[in-house]
Amino acid sequence: MIKKVVNGPDEAIKGIKDGMTLMLGGFGLCGIPENSILALRKNGAKDLTCISNNAGVDDFGLGLLLQTRQIKKMISSYVGENDLFEKLMLSGELEVDLIPQGTLAERCRASGAGIPAFFTPAGYGTEVAEGKEVRVFNGKPHILEHAFEADFAFVKAWKGDEAGNLIFKGTARNFNPMMAMAGKNTVAEVEELVPAGELDPNTVHTPGIFVQRIYQGEQYEKRIEQRTVRTRN
Amino acid sequence: MIKKVVNGPDEAIKGIKDGMTLMLGGFGLCGIPENSILALRKNGAKDLTCISNNAGVDDFGLGLLLQTRQIKKMISSYVGENDLFEKLMLSGELEVDLIPQGTLAERCRASGAGIPAFFTPAGYGTEVAEGKEVRVFNGKPHILEHAFEADFAFVKAWKGDEAGNLIFKGTARNFNPMMAMAGKNTVAEVEELVPAGELDPNTVHTPGIFVQRIYQGEQYEKRIEQRTVRTRN
Amino acid sequence: MLDKNGIAKRIAKELQDGYFVNLGIGIPTLVANYIPDNIEVEFQSENGILGMGPFPFEGEEDADLINAGKQTITALNGASFFDSATSFAMIRGQHVDMTVLGAMEVSENGDIANWKIPGKMVKGMGGAMDLVASADNIIVAMMHTNRAGESKLLPKCGLPLTGVGCVKKIVSNMAVLEVTENGFKLLEVAPGVSVEDVKNATAGKLIIEGDIPEMDI
Amino acid sequence: MLDKNGIAKRIAKELQDGYFVNLGIGIPTLVANYIPDNIEVEFQSENGILGMGPFPFEGEEDADLINAGKQTITALNGASFFDSATSFAMIRGQHVDMTVLGAMEVSENGDIANWKIPGKMVKGMGGAMDLVASADNIIVAMMHTNRAGESKLLPKCGLPLTGVGCVKKIVSNMAVLEVTENGFKLLEVAPGVSVEDVKNATAGKLIIEGDIPEMDI
């Protein structure tokens, strides 16, 4: 089998160049590729375009690459948790393309699935639809959206095997499977890396064909953004 | 919780009427809704349009509804295993719409996902593209394909729970998840029905929201079409 | 006049047995606290869970189990997890029966604005555009007026839109209104609120037919 | 002249380490028997498995585990199962590195026909149209002529097409050919077959440049 397992995040991001387009999985801080983001910061590649549902918080997740001004453009659906982000955007230092969350997910999937474009009702009649083709299906207007292209996709899974198969946990799955499909080079970091044959093929969420490099992350902070609890009565 | 569990296939197919469009999961005889097909035969509804990758064999699967001439039209990708099918088609007794397998799968998914149409390269320049819009993306011609509509979808899973969650086994998954998404009324039959809470939510293939009725099939023949084996040396 | 919990309580009465419901951030989230005893509903959160349960007990928080508001949650029996594409397939494909979300402005033809104040605030639309463009049954939970006392129910939205002609029903702190072809139709008033009060607080076209009952909450 | 196994053996030499490969029904299936010792490849079957293994031992057949030819199979370590939409996402999205399939006719510009003989046989295209429209690396495994001795490598296909301009390479019982802008370019001849033989058996434009080596199989 061709060797997909790399030694760690530094080897995993080999080939990253200034100006590239990256996809990064996760929703909020849940299921983000923590270790790969740290390696990208260390690497210093700049003028990056990042496709990610959110932009992290000021001092974690993609916020770390905003601090170092490595990101030229963000393509996201919601960025409300990051003050630096808002400042950079309003000052024009950061280009921002905000798109509906479902459209973001579907444009990633489409890219990985060889579907160059599709119609969706989301965003019709809004800023999002500007300059886009409108067509009515079943009496309802839809807009044409295109697949994303990305040089690298960084995803994070719970378990993975040497063949690149991935299993996610809970709501940490989110955008990771579609981005894994979409990346020309998909780098998966996992909490636990096992030999091929240890994962039940029936429970694999992302088949190994979509993953080019895989490693076990050294440490996971898995920071919680909104710790909400109830008290035992 | 609203009661999704029905007593058996006869109750599950309630509401079936002449002239309806049905989707039926399965690839060859693998993962087909055996018990629902038997109930449809008993029910006798006719002039049905059936969307199914294959048409069964002469005496099993959808072949049973061809024998009784309940099917007016088949929408499939491959029908090579059924002699009666070929006879009915060549004589004009059966309308047939043959479409590429990937397009079939994607048109089902699109229907369930609120995507009315999408572009695919499959079939460009062939009979399949006749009358369809062609558009070039990245220098490659694609054709526009539309979502399917279906009154009922019949799927078969390995395990299911009372909330309608489904888990499939091996390659018996095939078209079942997309058809479950697409059906206005999705009827799932399962080999084992368990109370809600017994399936690991992380391993569910089809979330319960896509299933309206569910029952445990009484008996599964699970006929093998091509029994190929090797001998121990 | 209702408080936030009152609005949530009134919206909860719109729930029907077996509904799959998506609740937005803010007031909509509170609806989950007022599900009528005789029905069961399942909550979908667009980040990838169906069958969302209450907040976890202290010490049982799981960073891998959050809702769309990034809050730690739990999963009920019969829950399932899925990816974002599947989640929005549920939404766009109209498998979700009811959507409740907040709004900055709603217009008399059902347009809604809730994601951007040009030059001031741009958090993004998240899943709101997909939700409002897809759902047949959208209920807006909102204050009838802004802090300056100006109506948020307008002839036309001034802010960038989230969706056009999609809002069907509004439950505000003052009233329940239906969005009809001819404008906001007043269905109910909140306890202590007169029809006249609603008139004064509604800038968009208001339709008042017959006696308007008081909300039963 | 090669037999079916010879064709499969020659095609197997096109495999590279780490390739994901989709094999069609018939001769292509035999390619799996000739994987070079020093490489590993993974077979994808479009009905929903990656990491397809050999036929099961007698008595271990599982009706829920078949390939696209409806044959009972096994799953290797590192295998995964998935639905048909995901399977064709792999194919259309060009994640599959090599596709081998049979053909009734191939034209000198790379068109292929393999699913229908009007009035006589209509089995359907199955996944072939998706495969040929998507893959960059398509190898056709076929007999050079039909039973009547007529060439199947034509200036133009007479049968309904499966795909246009998509075939890159042909391995027949007589030769290995590349489909170029100018026609079929002869790369290798089978043992015991002369360039003249290939010329006589090829109706489409044949390009012969320099010495043509014999296949090394």
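Conventions used here
- Residues numbered from 1 in each chain as written.
- Chains lettered and ligands numbered in written order.
- Predicted model: local features only at pLDDT ≥ 70, side-chain atom pairs only at ≥ 80, totals over all residues.
- Heavy atoms only, no water.
- Helix = DSSP H or I, 4+ residues; strand = E, 2+ residues; numbered from the N terminus.
- Rg over C-alpha atoms; globule rule 2.2 N^0.38 Å.
- Areas by Shrake-Rupley, 256 points an atom, 1.4 Å probe, with all protein chains shown as cover.
- Contact = heavy atoms within 4.5 Å.
- Lys, Arg positive; Asp, Glu negative; His and termini not counted.
- Charge placed at Lys NZ, Arg CZ, Asp CG, Glu CD.
- Buried area = accessible area lost by both parts, 1.4 Å probe.
- Salt bridge = Lys/Arg side-chain N within 4 Å of Asp/Glu carboxyl O.
- Nonpolar A, V, L, I, M, F, W, Y, C, P; charged D, E, K, R; others polar.
- Buried < 20%, exposed > 50% of the residue type's maximum accessible area, 1.4 Å probe, protein only.
- Polar contact = N/O pair within 3.5 Å; in protein donor to acceptor, adjacent residues only side chain to side chain.
- Pairing = 2+ DSSP bridges.
- Axes fitted to C-alpha atoms, helices over the stretch in contact; angles between N-to-C directions.
- Phe/Tyr/Trp six-rings, centres within 6.5 Å; stacked < 30°, edge-to-face > 60°.
- Lys NZ or Arg CZ within 6 Å of the ring centre and 35° of its normal.
- Least-squares fit on C-alpha atoms with pLDDT ≥ 70 in both.
- Core = buried A, V, L, I, M, F, W, Y, C linked by side-chain atoms within 4.5 Å.
- Parallel < 35°, antiparallel > 145°, perpendicular 65-115°, else oblique.
- Left-handed = near helix turned anticlockwise from the far one by under 90°.

1. Things to note about the overall build of chain C
Part 1 of the argument: For chain C, the count of helices and strands is 5 helices and 15 strands.
Part 2 of the argument: For 217 residues, the compact-globule estimate of 2.2 N^0.38 gives 17 Å, and chain C sits close to it at 17 Å.
Part 3 of the argument: Principal-axis analysis of the C-alpha atoms places the extent of chain C at approximately 50 × 40 × 30 Å.
Part 4 of the argument: With an accessible surface of roughly 8300 Å², chain C has 46% of that area assigned to carbon and sulfur atoms.

2. What to know about the overall build of chain A
Part 1 of the argument: The secondary structure content of chain A amounts to 6 helices and 11 strands.
Part 2 of the argument: Scaling as 2.2 N^0.38, a compact globule of 233 residues should have a C-alpha radius of gyration of about 17 Å, and chain A matches this with 18 Å.
Part 3 of the argument: Judged by the C-alpha coordinates and their principal axes, chain A covers about 55 × 50 × 40 Å.
Part 4 of the argument: A fraction of 72% describes how many contacts in chain A between residues 6 or more apart in sequence connect residues 24 or more apart.
Part 5 of the argument: Total accessible area on chain A is roughly 8300 Å²; 45% of this is exposed by carbon and sulfur atoms.
Part 6 of the argument: In chain A, the 27 positive side-chain charges and the 30 negative ones have mean positions that sit 2 Å from each other.

3. Brief notes about the interface of chain B and chain A
Where the parts come together, the accessible area they lose is often given as the size of the interface.
Part 1 of the argument: Each partner contributes to the interface: chain B provides 26 residues, whereas chain A provides 26 residues.
Part 2 of the argument: Between chain B and chain A the total buried area reaches about 1800 Å² when both faces are included, carbon and sulfur atoms providing 46% of it.
Part 3 of the argument: Per-residue buried area on chain B facing chain A is highest for P116, F119 and N202 of chain B; these three make up 29% of the total on that side.
Part 4 of the argument: Summed over the shared surface of chain B and chain A, the number is 4 salt bridges.
Part 5 of the argument: Elements that contribute at least two residues to the side of chain B that touches chain A include exactly α5 (101–112), β5 (117–120), β6 (134–137) and β7 (140–146) of chain B.
Part 6 of the argument: Partitioning the side of chain B that touches chain A into residue classes produces 11 nonpolar, 8 polar and 7 charged.

4. As for the environment of V140 of chain D
Residues and elements named next belong to chain D.
Part 1 of the argument: Here V140 shows up in strand β10 (residues 138–142).
Part 2 of the argument: Put simply, V140 and I170 are 30 residues apart on the chain and 4.7 Å apart in space, counted from C-alpha to C-alpha.
Part 3 of the argument: When near neighbours in sequence (up to four residues on either side) are disregarded, V140 contacts L101, G102, A103, V106, I112, V167, K169, I170 and V171.

5. A word on helix α4 (residues 83–90) of chain B
Part 1 of the argument: Burial in α4 of chain B covers these residues: L84, F85, E86, L88 and M89 of chain B.
Part 2 of the argument: In this structure, the buried residues of α4 of chain B make contact with α3 (63–67), β3 (71–76) and β4 (95–98) of chain B together with β9 (121–122) of chain D.
Part 3 of the argument: For α4 of chain B, the N-terminal capping position is held by N82 of chain B, with its side-chain oxygen 3.2 Å away from the main-chain nitrogen of L84 of chain B.
Part 4 of the argument: Of the residues trailing α4 of chain B, G92 of chain B is marked for its positive phi of about 85°.

6. Some points on the pattern of salt bridges
Part 1 of the argument: In this structure the tally under the stated criterion is 50 salt bridges over all chains.
Part 2 of the argument: Residue R227 of chain A is joined to E61 of chain C by a salt bridge in which the shortest nitrogen-to-oxygen separation is 2.9 Å. Note that R227 of chain A is positioned in the segment after β11 (213–216) and E61 of chain C in the loop between β3 (49–53) and β4 (74–81), a pairing that runs across two chains.
Part 3 of the argument: For R227 of chain A, a relative accessible area of 55% gives the class exposed.
Part 4 of the argument: Taking relative accessible area as the criterion, E61 of chain C reaches 19% and is therefore assigned buried.

7. Things to note about the sheet that holds strand β1 (residues 20–23) of chain C
Residues and elements named next belong to chain C.
Part 1 of the argument: The 10 strands lie next to each other as β4-β3-β2-β1-β5-β10-β12-β13-β14-β15, forming an open sheet whose pairing is mixed. The open sheet is flanked by β4 and β15 (206–207), the only strands paired with a single partner.
Part 2 of the argument: Summarising the sheet, strand β2 (residues 42–45) and β3 pair through 2 bridges and their orientation is antiparallel. Note that in β3 the partner of S45 across the bridge is I49.
Part 3 of the argument: On top of the sheet, helix α3 (residues 84–92) reaches β1, β2 and β3; it is set at about 120° to β2, its chief contact.

8. Observations concerning the interface of chain C and chain A
Part 1 of the argument: Facing 50 residues of chain C, the contacting portion of chain A comprises 51 residues.
Part 2 of the argument: With both chains or domains summed, chain C and chain A bury close to 4300 Å², and 58% of this area falls on carbon and sulfur atoms.
Part 3 of the argument: Area buried by chain C at its contact with chain A is led by D64, K70 and K123 of chain C, which between them contribute 19% of it.
Part 4 of the argument: At the boundary of chain C with chain A, the tally comes to 7 salt bridges.
Part 5 of the argument: Ionic pairing is found between K169 of chain A and D62 of chain C, a salt bridge with its closest N-O pair at 3.2 Å.
Part 6 of the argument: Taken together, the elements giving at least two residues each to the side of chain C that touches chain A come down to α3, β9 (121–122) and α4 (128–134) of chain C.
Part 7 of the argument: Considered class by class, the residues forming the side of chain C that touches chain A number 22 nonpolar, 15 polar and 13 charged.

9. Observations concerning the pairing of strand β12 (residues 169–172) of chain D
All names here are of chain D.
Part 1 of the argument: With burial as the criterion, each face of β12 is covered, one bearing K169 and V171 and the other bearing I170 and S172.
Part 2 of the argument: Relative to strand β13 (residues 175–180), β12 runs antiparallel, the two being bridged by 3 bridges. In the strand pairing of β13, I170 is matched with L177.
Part 3 of the argument: Here β12 folds back onto β13 in antiparallel fashion, the turn holding 2 residues.

10. Observations concerning the environment of L206 of chain C
Residue and element names in this part refer to chain C.
Part 1 of the argument: Mapping L206 onto the fold places it in strand β15.
Part 2 of the argument: For the pair L206 and L153, spaced 53 residues apart in sequence, the C-alpha separation works out to 9.4 Å.
Part 3 of the argument: Excluding anything up to four places from it in sequence, L206 contacts L177, F184, L186, V198 and K199.

11. Description of the packing of aromatic side chains
Part 1 of the argument: Tallied over the entire structure, the rule returns 4 aromatic pairs over all chains.
Part 2 of the argument: In this structure, K156 of chain A is placed above the aromatic ring of Y220 of chain A, and the distance from its NZ or CZ to the ring centre is 5.0 Å.
Part 3 of the argument: Over the face of the ring belonging to F148 of chain B we find R107 of chain B, whose NZ or CZ atom lies 4.0 Å from the ring centre.

12. Some details on the relation of the copies chain B and chain A
Part 1 of the argument: Superposing chain B onto chain A takes a rotation of 180° combined with a translation of 0.0 Å along the rotation axis, leaving an RMSD of 0.0 Å. The operation mapping one copy onto its partner corresponds to a two-fold rotation axis. Measuring from the rotation axis to each C-alpha of chain B, the shortest distance belongs to F118 of chain B, at 2.1 Å.
Part 2 of the argument: Most of the interface of chain B is mirrored in chain A, where 100% of its interface residues again form contacts.

13. Considerations on the environment of K169 of chain B
Part 1 of the argument: Position of K169 of chain B among the secondary structure elements: in the loop between β9 (166–167) and α6 (176–182).
Part 2 of the argument: Sequence-wise, K169 of chain B and T103 of chain B are 66 residues apart; in three dimensions their C-alpha atoms are separated by 23 Å.
Part 3 of the argument: Sequence-distant contacts of K169 of chain B, that is, excluding residues within four places in its chain, are made with N202 of chain A, W158 of chain B together with D62 and D64 of chain D.

14. Here we look at the nonpolar core
Part 1 of the argument: Counting 90 residues, the largest nonpolar core has M23, F148 and L166 of chain A together with M23, F148 and L166 of chain B as the members making the most contacts within it.
Part 2 of the argument: Setting aside residues no more than four positions away along its own chain, F148 of chain B makes contact with M23, I51, I75, I99, L104, R107, C108 and S111 of chain B.

15. So, unusual backbone geometry
Part 1 of the argument: Although it is not a glycine, D47 of chain A adopts a positive phi angle of roughly 55°.
Part 2 of the argument: Tracing the chain through its elements places D47 of chain A in the loop between α2 (34–43) and β2 (48–51).
Part 3 of the argument: Since its relative accessible area comes to 40%, D47 of chain A is described here as partly exposed.
Part 4 of the argument: Backbone geometry at K70 of chain D places phi at a positive 65°, although glycine is not the residue there.
Part 5 of the argument: Inspection of the secondary structure puts K70 of chain D in the loop between β3 (49–53) and β4 (74–81).

16. Quick notes on the sheet that holds strand β11 (residues 153–154) of chain C
Residues and elements named next belong to chain C.
Part 1 of the argument: Overall, mixed pairing links the 3 strands, which are arranged β7-β6-β11 in an open sheet. Strand pairing shows two members of the sheet lacking a second neighbour, β7 (112–113) and β11, which therefore form its edges.
Part 2 of the argument: Judged from the 2 bridges that link them, strand β6 (residues 105–107) and β7 form a sheet pairing that is antiparallel. Residue pairing across strands places E105 opposite A113, the latter belonging to β7.

17. A word on the packing of helix α5 (residues 101–113) of chain A against α3 of chain C
When two helices pack together, their arrangement is given by the angle between their axes and by how far apart the axes lie.
Part 1 of the argument: Interaxial distance between α5 of chain A and α3 of chain C falls to 9 Å at its minimum, and their mutual angle equals 125°. Here α5 of chain A is positioned oblique relative to α3 of chain C, judged by the angle of their axes. Here the hand of the crossing between α5 of chain A and α3 of chain C comes out left-handed. Each of Q101, G102, T103, A105, E106 and R109 of chain A in α5 of chain A lies in contact with α3 of chain C, whose residues at this interface are S84, A85, F88 and R92 of chain C.
Part 2 of the argument: When the residues that make up the contact of α5 of chain A with α3 of chain C are grouped by side-chain class, the tally is 3 nonpolar, 4 polar and 3 charged.

18. With respect to α2 of chain A
Part 1 of the argument: Among all positions of α2 of chain A, only E34, N35, S36, I37, A39 and L40 of chain A are buried.
Part 2 of the argument: Count one or two residues on from α2 of chain A and you reach G44 of chain A, which has phi positive near 85°.

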